[in-house]
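Residue strings, one per chain:
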Amino acid sequence: WLARFLEPGRYHGIEPWKKMLDAGIRLTFGEALMAEKQPRFSSNDRCDFGAFDCRFDRIFARSVITHGGPGMVRSLMQQLVTHGADDAVMLLSYWPPTYVPEAGETYEPHQWAAGEDLPLDDWRFIPVMTYRFETLAAWAREFGCVAVEWRQRPPINQQIWLKVTRA
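This structure is a prediction, so every number in the text was calculated from the model and none was measured. (Residues numbered from 1 in each chain as written. Predicted model: local features only at pLDDT ≥ 70, side-chain atom pairs only at ≥ 80, totals over all residues. Heavy atoms only, no water.)

Moving on to helix 2 (residues 70-83). Taking 1.5 Å per residue as the helical rise, helix 2 with its 14 residues ought to reach 20 Å, and the 19 Å between its terminal C-alpha atoms agrees with that figure. Counted residue by residue, helix 2 has 11 buried out of 14 residues, so it is predominantly covered. For helix 2, the full list of buried residues reads Pro-70, Gly-71, Met-72, Val-73, Arg-74, Ser-75, Leu-76, Met-77, Gln-79, Leu-80 and His-83. Buried residues along helix 2 sit against strand 3 (56-61), strand 4 (84-94), helix 3 (133-142), strand 7 (145-150) and strand 8 (160-166). (Helix = DSSP H or I, 4+ residues; strand = E, 2+ residues; numbered from the N terminus. Expected span 1.5 Å × (residues − 1). Buried < 20%, exposed > 50% of the residue type's maximum accessible area, 1.4 Å probe, protein only. Contact = heavy atoms within 4.5 Å.)

Here the structure, examined in full by the defined rule, presents 7 salt bridges. The partner of Glu-142 in a salt bridge is Arg-74, with the nearest N and O atoms 2.8 Å apart. Of this pair, Glu-142 sits in helix 3 while Arg-74 sits in helix 2, placing them 68 residues apart in sequence. (Salt bridge = Lys/Arg side-chain N within 4 Å of Asp/Glu carboxyl O.)

So, about the pairing of strand 3. Note that strand 3 and strand 4 share 5 bridges and pair parallel. Across the sheet, Arg-58 pairs through a bridge with Val-89, a residue of strand 4. What joins strand 3 to strand 4 is helix 2, and the crossover it makes is right-handed. (Pairing = 2+ DSSP bridges. Right-handed = clockwise from strand over helix to strand, strands pointing away.)

To continue, consider the packing of aromatic side chains. Two measures describe an aromatic ring pair: the distance that separates the ring centres and the angle between the ring planes. Counting across every chain of the model gives 11 aromatic pairs. Residues Trp-1 and Phe-5 carry aromatic rings whose centres are separated by 6.1 Å and whose planes lie at 80 degrees to one another, so their mutual orientation is edge-to-face. Looking at Trp-1, the relative accessible area reads 67%, which means it is exposed. Plain terms: the ring middles of Tyr-99 and Trp-112 are 5.6 Å apart, the flat faces sit at 35 degrees to each other, and that makes the pair tilted. Taken together, the positions of Tyr-99 in the loop between strand 4 and strand 5 (112-114) and Trp-112 in strand 5 put the pair 13 residues apart, joining distant regions of the chain. Cluster of aromatic residues (ring-pair linked, three or more members): Trp-95, Tyr-99, Tyr-107 and Trp-112. (Phe/Tyr/Trp six-rings, centres within 6.5 Å; stacked < 30°, edge-to-face > 60°.)

By themselves these figures say nothing about function.
Encoded structure:
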């Protein structure tokens, strides 16, 4: 829906699963909006912003790191530094360790992980991935960035926004 507010050619998206990318284009954009807004997409599986050969000023990752390991989180921060404009802002939504599944949702132990407990290069998809703010902020500092929480009221699906900028 965000592309509707942008100038043509100013929306770029990455979705590693080609099937999901195609469904998103079909269901969210459709032919008319695709023609009008001319968005660009990549199905690379490493969150490589370099696929677009441009600098980004705003980056949104809604409910991405809620399922991705530390390798993905750290890669997104590196991509901000490498491909972001000097005043770029990246918003990432994440689940804190206090996350509780909605009524009726159940997960097996192997479907749930705390990002702090995994190797820094872990890229696994896990249905529920939680992070402590302190860990995310420390990783941001490693890349020369600053991270602050933005708690939307009411929260959407118990997710907290993390705003990451260059230091």
